[in-house]
Amino acid sequence: MSEGYTPRELMVVAAGREIHDLEVVFVGMRLPLLGFGLAKATHAPGAIGLFENGVIRDRPAEAFIYTMGDPPNIAGAVACVRLLDVMSLLQQGRVDVGFLGGAEIDPMGNLNTTKTMPGGQLVRLPGSGGAGDIASLAGRTVLIMDHEPRRFKEHVAYITSPGHHADRRRGGPATLITTLGVFDLRQGRFRVNSLHPGVTAAAVRAATAFEVELDDSVETTTPPSAEELAYIRHADPEGFWTGDPVRNG
Amino acid sequence: MSEGYTPRELMVVAAGREIHDLEVVFVGMRLPLLGFGLAKATHAPGAIGLFENGVIRDRPAEAFIYTMGDPPNIAGAVACVRLLDVMSLLQQGRVDVGFLGGAEIDPMGNLNTTKTMPGGQLVRLPGSGGAGDIASLAGRTVLIMDHEPRRFKEHVAYITSPGHHADRRRGGPATLITTLGVFDLRQGRFRVNSLHPGVTAAAVRAATAFEVELDDSVETTTPPSAEELAYIRHADPEGFWTGDPVRNG
Amino acid sequence: MNGKRRGLHEAIAENVRDGDAVALGLALESGIPFAAVHEIIRQRKKDLSLIGPISDMAFDQLIGAGTAGRVIAAWVGNVAGGSGYAFRRAVERGIPRAIEVEDHSNFTVGLALKAAAMGLPYLPTFTGIGGDIVKDHPRVRPVTDPFGGPSLLAVGALRPDVAIVHVQRADEDGNAHLWGNLGLVVEAAYSARRIILTCEEIVPRDVIRSDPNRTQIPGFLVNAVVEEPGGALPASVQGYWRRDFAPFLDYHRRSSTVGGFQAWLQEWVLDLPDRGAYLQRLGQPALARLRVREERLAAPANFAP
Amino acid sequence: MNGKRRGLHEAIAENVRDGDAVALGLALESGIPFAAVHEIIRQRKKDLSLIGPISDMAFDQLIGAGTAGRVIAAWVGNVAGGSGYAFRRAVERGIPRAIEVEDHSNFTVGLALKAAAMGLPYLPTFTGIGGDIVKDHPRVRPVTDPFGGPSLLAVGALRPDVAIVHVQRADEDGNAHLWGNLGLVVEAAYSARRIILTCEEIVPRDVIRSDPNRTQIPGFLVNAVVEEPGGALPASVQGYWRRDFAPFLDYHRRSSTVGGFQAWLQEWVLDLPDRGAYLQRLGQPALARLRVREERLAAPANFAP
């Protein structure tokens with residue numbers, strides 16, 4: 001690791017570690033997509049990736065893709081089915097884990113990607129896409145967020161993707177991976193699993209508008225191995241998603 | 001028509017005449033299948049045929065088929081979709097006309113293909129297949145039956161394919177084609193349209209356990225033209241469906 | 001044993017248990033997994049619930065052999081001949097055993113499977129209203145339209161323990177290319193707890209991946225993949241086998257008596273160890289006549305990125 | 001005019017009316033019918049309801065141009081850049097006009113179309129429970145499970161007046177071969193009152209009939225067939241066109257102000273008479289880079305009977 005690694009590379013590695021072998025994964029784009037490829041290349045060779053456009057893959061796309069609909073994500077897929085077919089599998093409970101992001105998060109893991117009201121002024125965001133479905137129906141979800149005070153709020157302005165709630169039949173947020181650490185959200189609690197190298201408890205508290213269960217015995221996120229970094233840099237050679245002006249490690 | 005024609009050939013011709021150009025037809029097998037091909041070849045070149053296994057055709061199969069799943073019915077189809085896709089089109093109201101047969105019929109056009117009780121003894125028949133769906137959901141239905149007293153009953157033993165009833169949202173039996181004549185079943189009445197050449201009103205009454213609206217002014221079913229017969233004998237060269245020991249005309 | 005490749009004996013032994021709900025014959029008249037049907041009979045499975053739209057003579061054979069306690073279907077008979085005699089004997093006279101029949105139309109049995117495939121307790125429909133199939137039906141209940149329209153029927157979900165599907169080709173992970181009739185194959189595959197795939201050919205993974213839209217069953221749903229060429233005969237398999245009409249008529253004729261059925265069963269199922277023996281008994285001339293040798297290839301579709 | 005073949009101008013003029021509910025972008029990021037989108041803008045259609053799962057920048061352009069009064073979608077933005085600025089201006093500030101937004105998830109908008117495709121008033125689902133999308137939603141109501149299970153949500157049917165779909169090839173009757181991403185294409189096509197098909201190539205009927213399983217839209221549902229090669233650019237079309245990433249970023253950047261949007265619209269839509277002019281403006285080097293020349297053909301599938 002002579003060159004170090006970026007925070008986003010570390011997040012990709014953390015995302016990949018959330019995927020177990022043979023699991024069915026609702027993948028999404030950006031960091032989770034790389035995490036899926038990384039998991040496939042290392043500890044989870046039997047994982048299956050589902051995309052909401054209907055693509056089912058058992059290996060990552062051969063070339064870099066900007067969207068899940070890009071031709072390299074179709075070529076070599078094991079199946080291209082209807083959106084409602086993959087949503088049906090999701091609703092059935094056949095998807096083990098799904099990845100989600102958001103503009104805002106609250107302590108129950110509710111995510112907002114619909115609209116915010118900074119200073120009372122409406123800011124309209126794109127909306128749910130498939131996120132609300134994955135949040136509702138996957139066996140568990142892994143959330144990925146930039147860790148900033150304006151995003152980590154006691155109450156989100158709008159629940160696009162429901163977190164833990166009384167009527168939940170399965171799943172819910174299991175893990176949250178941020179630019180600062182990895183958090184355990186199971187059972188509606190918000191606990192630290194690990195902080196990234198160099199991140200202090202004070203930094204997490206400063207960036208989080210609500211209480212975090214956190215003490216000094218917290219572990220440090222295991223940095224990417226050389227093999228993991230090699231995979232990521234092969235898959236995202238120009239650092240389109242993982243590049244970052246600040247390099248750690 | 002030096003060779004005359006069989007009753008079933010006449011029934012095929014009558015079935016074909018029920019299909020209008022550009023209509024979407026839920027075809028079925030045997031006589032209606034031939035009637036569909038005949039209509040396509042003559043007055044209804046733009047008709048579209050749907051089969052419950054998901055096959056959609058804009059021209060008849062190139063070779064004789066015993067079942068709708070036979071390979072010649074797939075080769076050259078315009079689409080092979082899921083059974084539920086064609087049933088969805090049917091439920092939407094996109095199917096203009098469907099053909100049905102049965103072991104028993106009553107004056108409301110209810111059909112039984114499930115079980116009869118001759119002499120109090122249960123006789124189990126194969127069941128609905130798609131017939132109950134076509135009966136429920138097509139824009140109108142055309143029924144095809146052998147005209148025998150044991151089949152034309154005041155009450156059928158079991159309503160597999162519903163005819164006219166109070167809760168009907170669309171469609172229902174429009175025409176009944178039998179070995180004796182063509183009947184108009186619209187609005188839940190049972191009226192004669194035409195009797196086949198040589199068939200008397202008395203013969204119809206004798207073969208029908210319920211009242212038929214029928215007077216002496218009744219028309220005679222127009223016999224097959226040479227062109228129509230030529231088509232039928234091309235499509236069913238061995239008389240598998242249309243052959244009959246008794247030839248009329 | 002690792003992987004999903006199995007022999008048919010093993011695939012049935014591992015995945016079909018007494019009392020299971022077994023869906024098959026899902027593409028209607030084509031691709032009926034007769035090899036698997038006969039293996040189920042040879043393994044003397046009991047108390048099966050048979051699920052399918054129209055089963056052609058497959059269900060009749062399973063019923064006549066005493067494997068079934070229940071049928072959930074829209075049509076049970078012999079498409080070539082009409083009535084299924086073994087089905088009739090079981091329903092009318094309890095021979096070789098009484099069976100329950102849950103009558104359906106093709107649409108309602110499809111909706112029942114689709115509901116399970118969608119992870120739903122039911123799907124609504126307008127089909128069947130005014131008829132007897134949906135009356136006092138254990139899987140049909142009235143529902144209102146929450147938007148104020150006319151009332152509907154709810155068809156309850158039906159989840160097979162195992163679906164058995166015959167396809168043209170699959171890879172060893174169970175990703176299956178199927179073309180021609182689809183029927184209820186996808187719905188049954190998505191809803192079943194386990195899937196046994198029989199196929200004409202096991203092909204390299206890249207053959208499947210060359211055309212992901214041809215994959216009707218993704219492999220991660222599949223438990224066993226069996227290479228069983230001719231495994232659907234006498235039913236047709238598009239591009240591989242024509243329908244063999246004579247065995248349907250022969251079975252229809254012979255199965256009209258209990259003795260005739262038993263003789264047929266002995267000759268074509270019980271005395272034969274496997275599908276290879278069945279094909280051998282059918283004979284080379286028949287196979288040559290049934291095998292499709294012509295080519296009418298699908299127009300090329302380019303998947304290059 | 002007889003037949004279904006049309007030029008794009010004519011197809012839009014005949015089939016898209018002010019106030020219509022228009023579904024497009026149904027395969028998600030690929031095959032977005034941008035040529036049709038731009039023609040709708042040139043024809044200054046008004047008060048459209050836009051229906052789609054994620055629309056990428058197509059809806060943003062239609063909204064910015066003032067054609068839309070309502071959006072029924074799961075996601076409106078620019079997949080490359082995130083927010084859709086025209087969408088934001090319309091929602092936040094009523095520029096160029098206020099629009100209503102009916103928020104969905106991909107699943108609920110799919111179920112709404114599917115309900116219409118199935119001829120049903122609604123379909124039940126468990127998705128969205130516990131979130132705000134389904135709260136006080138005009139198309140979502142609670143329903144109970146008539147079999148006694150947990151309560152569900154009913155998603156009401158959504159029937160587009162017209163669906164616009166870009167496919168690889170179609171015959172002149174509108175039978176359409178589509179491969180790669182399917183998304184909600186089938187559901188929208190089955191549910192829409194009218195369909196406009198744009199395609200890379202119109203092919204002889206026998207090309208379509210050579211592979212009936214590739215036909216995702218049967219022609220009898222289709223009203224207009226337009227041969228419009230490159231009609232989805234800058235979106236990708238599997239086997240024909242790569243995604244052109246730069247225009248998405250360029251649009252994203254320029255549309256951040258009203259003036260920038262107008263300049264973009266003038267340059268890429270209003271000043272161009274048709275798609276041919278668009279492609280010309282894109283230039284031969286760009287087209288050469290985007291056009292797929294490699295071949296990775298689907299493995300042969302034999303349909304011989």
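Residues numbered from 1 in each chain as written. Chains lettered and ligands numbered in written order. Predicted model: local features only at pLDDT ≥ 70, side-chain atom pairs only at ≥ 80, totals over all residues. Heavy atoms only, no water.

## Side note on the overall build of chain A
Moving on, step 1. Summing up its helical and strand segments, chain A has seven helices and 14 strands in all.
Moving on, step 2. Taken against the 2.2 N^0.38 rule, which gives 18 Å for 249 residues, the C-alpha radius of gyration of chain A at 17 Å falls within 12% of a compact globule.
Moving on, step 3. Over its C-alpha atoms, taken along the principal directions, chain A stretches across nearly 45 × 45 × 35 Å.
Moving on, step 4. Counting only residues that meet the buried cut, chain A has 65% of its 249 residues in that class.
Moving on, step 5. For chain A, long-range pairs separated by at least 24 residues make up 67% of all intrachain contacts whose partners lie at least 6 apart in sequence.
Moving on, step 6. Once the 23 positive and 29 negative side-chain charges of chain A are each reduced to a mean point, those two points are 5 Å apart. (Helix = DSSP H or I, 4+ residues; strand = E, 2+ residues; numbered from the N terminus. Rg over C-alpha atoms; globule rule 2.2 N^0.38 Å. Buried < 20%, exposed > 50% of the residue type's maximum accessible area, 1.4 Å probe, protein only. Contact = heavy atoms within 4.5 Å. Lys, Arg positive; Asp, Glu negative; His and termini not counted. Charge placed at Lys NZ, Arg CZ, Asp CG, Glu CD.)

## Examining the overall build of chain C
Moving on, step 1. For chain C, the helix and strand inventory stands at 11 helices and 14 strands.
Moving on, step 2. For a compact globule of 305 residues, the expected C-alpha radius of gyration is about 19 Å, and chain C comes in at 19 Å, within 12% of that figure.
Moving on, step 3. With respect to the three principal axes, the spread of C-alpha positions in chain C is 60 × 60 × 40 Å.
Moving on, step 4. Looking at the 305 residues of chain C, the share that counts as buried comes to 70%.
Moving on, step 5. As presented, chain C carries roughly 9100 Å² of accessible surface, and 48% of it is formed by carbon and sulfur atoms.
Moving on, step 6. On chain C, the mean spot of the 34 positive side-chain charges and the mean spot of the 34 negative ones are 1 Å from each other. (Areas by Shrake-Rupley, 256 points an atom, 1.4 Å probe, with all protein chains shown as cover.)

## Structural notes on the side chain of Asp 56 of chain D
All names here are of chain D.
Moving on, step 1. On the secondary structure map, Asp 56 appears in the loop between strand E2 (48-54) and helix H3 (57-64).
Moving on, step 2. A relative accessible area of 0% means that Asp 56 is categorised as buried.
Moving on, step 3. In terms of polar contacts, Asp 56 uses its side chain to reach the side chain of Arg 243, at 3.4 Å.
Moving on, step 4. Not counting chain neighbours up to four residues away, the residues in contact with Asp 56 comprise Glu 29, Ile 32, Gly 77, Asn 78, Val 79, Arg 243 and Phe 248. (Polar contact = N/O pair within 3.5 Å; in protein donor to acceptor, adjacent residues only side chain to side chain.)

## Describing the interface of chain D and chain C
Interface extent is often summarised as the accessible area lost during association of the parts.
Moving on, step 1. With 49 residues of chain D in contact, the opposing surface of chain C contributes 49 residues.
Moving on, step 2. When chain D packs against chain C, the two sides together hide about 4200 Å² of surface, and 59% of this comes from carbon and sulfur.
Moving on, step 3. Of all residues in chain D, Tyr 122, Phe 147 and Asn 302 of chain D give up the largest surface area on contact with chain C, accounting jointly for 16% of the area buried on that side.
Moving on, step 4. The tally of links between chain D and chain C comes to two salt bridges.
Moving on, step 5. One salt bridge connects Asp 211 of chain C with Arg 214 of chain D, and the closest N-O pair in it is separated by 2.8 Å.
Moving on, step 6. In this structure, the connection of chain D to chain C is made through 29 residue pairs in polar contact (both at pLDDT 80 or more).
Moving on, step 7. Broken down by secondary-structure element, the contributors of at least two residues to the side of chain D that touches chain C are strand E7 (122-125), strand E8 (140-143) and strand E9 (152-156) of chain D.
Moving on, step 8. Grouping the amino acids of the side of chain D that touches chain C by side-chain chemistry returns 29 nonpolar, 10 polar and 10 charged. (Buried area = accessible area lost by both parts, 1.4 Å probe. Salt bridge = Lys/Arg side-chain N within 4 Å of Asp/Glu carboxyl O. Nonpolar A, V, L, I, M, F, W, Y, C, P; charged D, E, K, R; others polar.)

## Points about the sheet that holds strand E13 (residues 191-195) of chain B
Residue and element names in this part refer to chain B.
Moving on, step 1. Strands sit in the order E4-E3-E2-E1-E5-E10-E11-E12-E13-E14 across an open sheet of 10 strands; the sheet is mixed. Each edge of the sheet is formed by a strand with only one pairing partner; in this case those strands are strand E4 (79-80) and strand E14 (219-220).
Moving on, step 2. Pairing geometry for strand E1 (residues 24-26) and strand E2 (residues 48-50), over three bridges, is parallel. Bridging across to E2, Val 25 finds its partner in Gly 49.
Moving on, step 3. Those strands touched by helix H1 (residues 7-17) are strand E5 (97-101), strand E10 (140-145), strand E11 (173-178) and strand E12 (181-184), and its axis lies near 165° from that of E11.
Moving on, step 4. Packing of helix H4 (residues 83-92) onto the sheet brings it into contact with E1, E2 and strand E3 (55-57), and relative to E1 it is tilted by some 120°. (Pairing = 2+ DSSP bridges. Axes fitted to C-alpha atoms, helices over the stretch in contact; angles between N-to-C directions.)

## Overview of the relation of the copies chain D and chain C
Moving on, step 1. Overlaying chain D on chain C yields an RMSD of 0.0 Å, the required transformation being a rotation through 180° with an accompanying axial translation of 0.0 Å. Expressed as a symmetry operation, the mapping of one chain copy onto the other fits a two-fold axis. It is Leu 123 of chain D whose C-alpha, among those of chain D, lies nearest the rotation axis, at 3.5 Å.
Moving on, step 2. With an isologous cut-off of 70% or more, the 100% of interface residues of chain D that recur at the interface of chain C puts this contact in the isologous class. (Least-squares fit on C-alpha atoms with pLDDT ≥ 70 in both.)

## Some remarks on the packing of helix H1 (residues 8-15) of chain D against helix H2 (residues 34-42) of chain D
Helix packing geometry: the angle between the two helix axes and the distance between the axes.
Residue and element names in this part refer to chain D.
Moving on, step 1. Across the interface, H1 lies against H2 with an axial gap of 10 Å and an inter-helix angle of 65°. Where H1 crosses over H2, the two elements pack in a sense that is right-handed. Packed against H1, whose contacting residues are Leu 8, His 9 and Ile 12, the element H2 presents Ala 35, Ala 36, Glu 39 and Ile 40 at the interface.
Moving on, step 2. Class assignment for the residues of the contact of H1 with H2 results in five nonpolar, one polar and one charged. (Left-handed = near helix turned anticlockwise from the far one by under 90°.)

## Structural notes on the interface of chain B and chain C
Moving on, step 1. Taken residue by residue, the interface counts 43 residues in chain B and 48 residues in chain C.
Moving on, step 2. Counting every contact that joins chain B to chain C gives three salt bridges.
Moving on, step 3. Run the count over chain B and chain C and you get 25 residue pairs in polar contact (both at pLDDT 80 or more).
Moving on, step 4. Among the secondary structure elements, those contributing two or more residues to the side of chain B that touches chain C are helix H3 (71-74), H4, strand E9 (123-124) and helix H5 (131-137) of chain B.

## Considering the environment of Phe 183 of chain A
Residue and element names in this part refer to chain A.
Moving on, step 1. Its place among the elements puts Phe 183 in strand E12 (residues 181-184).
Moving on, step 2. Residue classification places Phe 183 among the buried residues on the basis of a relative accessible area of 0%.
Moving on, step 3. Setting aside chain neighbours within four positions, we find Phe 183 in contact with His 147, Ala 174, Thr 175, Leu 176, Thr 178, Phe 190, Arg 191, Val 192, Asn 193, Val 204 and Val 212.

## Describing the packing of aromatic side chains
Residues and elements named next belong to chain B.
Moving on, step 1. This model, assessed by the stated rule, comprises 34 aromatic pairs over all chains.
Moving on, step 2. Where Tyr 66 meets Phe 240, the ring centres are 5.1 Å apart and the plane angle is 85°; that geometry is what we call edge-to-face. Placement of the pair is Tyr 66 in the loop between E3 and H3 and Phe 240 in the segment after helix H7 (226-235), with a sequence separation of 174 residues.
Moving on, step 3. What makes Phe 240 partly exposed here is its relative accessible area of 42%.
Moving on, step 4. Ring geometry for Phe 152 against Phe 210: centres 6.4 Å apart, planes inclined by 25°, an arrangement best described as stacked. (Phe/Tyr/Trp six-rings, centres within 6.5 Å; stacked < 30°, edge-to-face > 60°.)

## Details of the confidence of the model for chain A
Moving on, step 1. Per-residue confidence for chain A gives a mean pLDDT of 93; residues scoring 70 or more make up 96%.
Moving on, step 2. Confidence drops under pLDDT 50 across residues 245-249 of chain A; counting only partners more than four residues distant or on other chains, this segment forms 12 contacts. (pLDDT = per-residue confidence, 0-100.)

## Examining the pairing of E5 of chain B
Residues and elements named next belong to chain B.
Moving on, step 1. Taken across its five residues, E5 has four buried, putting it largely inside the fold.
Moving on, step 2. Note: E1 against E5, two bridges, orientation parallel. Among the inter-strand pairings, Val 25 is bridged to a residue of E5, identified as Val 97.

## Observations regarding the pattern of salt bridges
All names here are of chain C.
Moving on, step 1. Tallying each qualifying case throughout the model produces 78 salt bridges over all chains.
Moving on, step 2. For Glu 294, the salt bridge goes to Arg 242, with nearest N and O atoms at 2.8 Å. Of this pair, Glu 294 sits in the segment after helix H11 (284-290) while Arg 242 sits in the loop between strand E14 (224-227) and helix H8 (245-254); the two residues are 52 residues apart in sequence, bridging distant segments of the chain.
Moving on, step 3. Note on Glu 294: relative accessible area 42%, which makes it partly exposed.

## Quick notes on helix H9 (residues 258-270) of chain C
The periodicity of an α-helix, 3.6 residues per turn, causes residues three or four positions apart to be oriented the same way.
Residue and element names in this part refer to chain C.
Moving on, step 1. Taking 1.5 Å as the rise per residue, H9 with 13 residues should run 18 Å; its terminal C-alpha atoms sit only 16 Å apart, a clear shortfall.
Moving on, step 2. Those residues of H9 that sit buried are Gly 260, Phe 261, Trp 264, Leu 265, Trp 268 and Val 269. Buried residues along H9 cover an arc of 135° about the axis, so they all sit on one side.
Moving on, step 3. Where the residues of H9 are buried, they touch helix H2 (34-42), helix H3 (57-64), helix H4 (85-93), H8 and helix H10 (275-282). (Expected span 1.5 Å × (residues − 1). Arc of directions from axis to C-beta.)

## Some remarks on the confidence of the model for chain C
Moving on, step 1. Looking at chain C as a whole, its pLDDT mean stands at 97, while 99% of the residues score no less than 70.
Moving on, step 2. Across the whole predicted complex the pTM is 0.97, and at the interface the ipTM reaches 0.97.

## Observations regarding the sheet that holds strand E7 (residues 122-125) of chain C
All names here are of chain C.
Moving on, step 1. Taken together, the three strands give an open sheet; going across it, the order is E7-E9-E8, and neighbouring strands pair in antiparallel fashion. Each of the sheet's edge strands pairs with one partner strand only, and the pair in question is E7 and strand E8 (140-143). Recorded for the sheet is a direction-independent mean angle of 35° between the axes of neighbouring strands.
Moving on, step 2. Relative to strand E9 (residues 152-156), E8 runs antiparallel, the two being bridged by four bridges. Paired with Val 140 across the bridge in E9 is Val 155.
Moving on, step 3. Across the sheet, helix H5 (residues 106-117) is in contact with E7 and E9; its angle to E7 comes to roughly 145°.

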